[in-house]
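Chain and residue survey
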Amino acid sequence: MMLLVTHVLAFGAWLVAHSKATPSAPTISIFLKPPGVIPPGGSTTICCSCQGDNGNFVLYKKGHQLRSLELRGSRAEFSISNATHEDTGPYSCHYVDGDTVLARSETVDVMVEEFRLPKPVLSVLPGHEVVAGSYVTFRCTIAHSSAGCFLYLEGQVKTLSLLSKEQDDFNLSHVHKGNGGRYSCQCFTRGASFEWSAVSKTLDLVVRDYTWSNVVRLALAAGVLVLLGLIMAEAVHSHQCRPRPC
């Protein structure tokens, strides 16, 4: 019986180990929060995150070092407030430990422009919460006949899609957990110069995955039930084998 119990526990440990992500080499992600073009006097935050647990982040603009922040909770945030056109440009982060550069990020562009277009509205179908594998449609609506729009996902360095005036929707087929997050959109027109709208209100997309995680939970639960059943069977057997008093 003990051999069977050991096998059950070992199988549960194997499932837990294989359900966790394998660690990888240190990499930096960089993004704006909130994403998108900001107006003069506005604010944004350049977020840099890494898988390390110590060291510093150094912020660069056009290759010139600006500021350094100690890593806190695998992340550092560089704020830009009361923005001017001089804040426009490409920014990047270096993750350093002492004098050693451990990793370099991509660049993220900060743009400071006047808002002249009406604010768009972002919606999602079939809803804010979907099951993995579903088909999802984002729609950015603006009261302007010739505007194109960008779709943003917070935490991404690049825009997800450019929606032209002929294309109202952005479609995601077979969504997965990585598609979940906070979305927004921003619109523009292209004439002699670009004109921009403010960023829409955000919406959160939640993707529920009932596949592998449920298999792990059910297998662990079954293992626990089997173990409890064996313990109870052993207890009953021991009780029956005791010599009874006369």
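In what follows, the structure referred to is the one given above.
A brief report on the enclosed structure follows. (Residues numbered from 1 in each chain as written. Predicted model: local features only at pLDDT ≥ 70, side-chain atom pairs only at ≥ 80, totals over all residues. Heavy atoms only, no water.)

1. Some points on the pairing of strand S18 (residues 203-208)
Note the following rule: Only protein chains enter the accessibility calculation, which uses a 1.4 Å probe; a residue is then buried when its area is under 20% of its type maximum, exposed when over 50%, and partly exposed in between. Numbering of helices and strands runs from the N terminus; a helix is a DSSP stretch of H or I covering at least four residues, while a strand is a stretch of E covering at least two. The pairing criterion for strands is at least two bridges between them, as found by DSSP.
Judged by which residues are buried, S18 turns out to be one-sided: Leu-203, Leu-205 and Val-207 face inward and are buried, whereas Asp-204, Val-206 and Arg-208, on the alternate face, are not. The pairing of strand S11 (residues 129-131) with S18 spans three bridges and is parallel. Bridging from a neighbouring strand, Val-131 pairs with Arg-208 of S18. In the sheet, strand S16 (residues 181-190) pairs with S18 via three bridges, with the strands oriented antiparallel. Paired with Arg-182 across the two strands is Asp-204, which belongs to S18.

2. Regarding the pattern of salt bridges
When charged atoms on two side chains of opposite charge get close, those side chains can pair. Short version of the rule: Counted as salt bridges are all cases of a side-chain nitrogen of Lys or Arg within 4 Å of a carboxyl oxygen of Asp or Glu.
Evaluation of the coordinates by the stated rule reveals five salt bridges. Note that Glu-77 and Lys-33 form a salt bridge whose closest N and O atoms lie 3.4 Å from each other. Residue Glu-77 is located in strand S5 (residues 75-80), and its partner Lys-33 is located in strand S1 (residues 28-33); the two are separated by 44 residues in the primary sequence. A salt bridge links Arg-182 to Asp-204; the shortest N-O distance between them is 2.8 Å. Separated by 22 residues along the polypeptide, Arg-182 in strand S16 and Asp-204 in strand S18 bring together distant segments of the chain.

3. Observations regarding the sheet that holds strand S12 (residues 136-141)
Put simply, the test is: Axis definition: a line fitted to C-alpha atoms, limited for helices to the stretch in contact. Angles are taken between N-to-C directions and run from 0 to 180 degrees.
With antiparallel pairing, the three strands of this open sheet are ordered in space as S10-S12-S15. The sheet is open, and its two borders are formed by strand S10 (121-125) and strand S15 (169-172), each paired with just one other strand. Neighbouring strand axes in the sheet, compared pairwise and without regard to direction, differ in orientation by 15° on average. Judged from the five bridges that link them, S10 and S12 form a sheet pairing that is antiparallel. Across the sheet, Leu-122 pairs through a bridge with Cys-140, a residue of S12.

4. As for a nonpolar patch on the surface
Stated formally: Patch criteria: residues need more than 30% relative accessible area and no salt bridge. Like-charged residues are merged within 9 Å; nonpolar side chains of Val, Leu, Ile, Met, Phe, Trp and Tyr are merged within 5 Å. Note on areas: Shrake-Rupley, 1.4 Å probe, and residue coverage restricted to the protein chains presented here.
The grouping of Val-224, Leu-225, Leu-228 and Ile-231 at the surface amounts to a nonpolar patch, some 390 Å² of accessible area in total. Positionally, Leu-225 belongs in helix H2 (residues 212-241). On the basis of relative accessibility, which here comes to 61%, the residue Leu-225 falls in the exposed class.

5. Section: the sheet that holds strand S2 (residues 44-50)
Read from one edge to the other, the open sheet built from three strands follows the order S1-S2-S5, with strand pairing classed as antiparallel. At either margin of the open sheet sits one strand with a lone partner, and together these are S1 and S5. Each strand axis lies, on average, 15° off the axis of its neighbour in the sheet, ignoring direction. Sheet topology places S1 next to S2; six bridges connect them, and they run antiparallel. Within S2, the residue paired with Ser-29 across the bridge is Ser-49.

6. With respect to the environment of Gly-181
Going by this rule: By definition, residues are in contact when any of their heavy atoms lie within 4.5 Å.
Looking at where Gly-181 falls in the secondary structure, it is placed in strand S16. The spacing of Gly-181 and Asp-204 is 23 residues in sequence and 5.5 Å in space, taken between C-alpha atoms. The contact partners of Gly-181, leaving out residues within four places of it in the chain, are Leu-153, Leu-203, Asp-204 and Leu-205.

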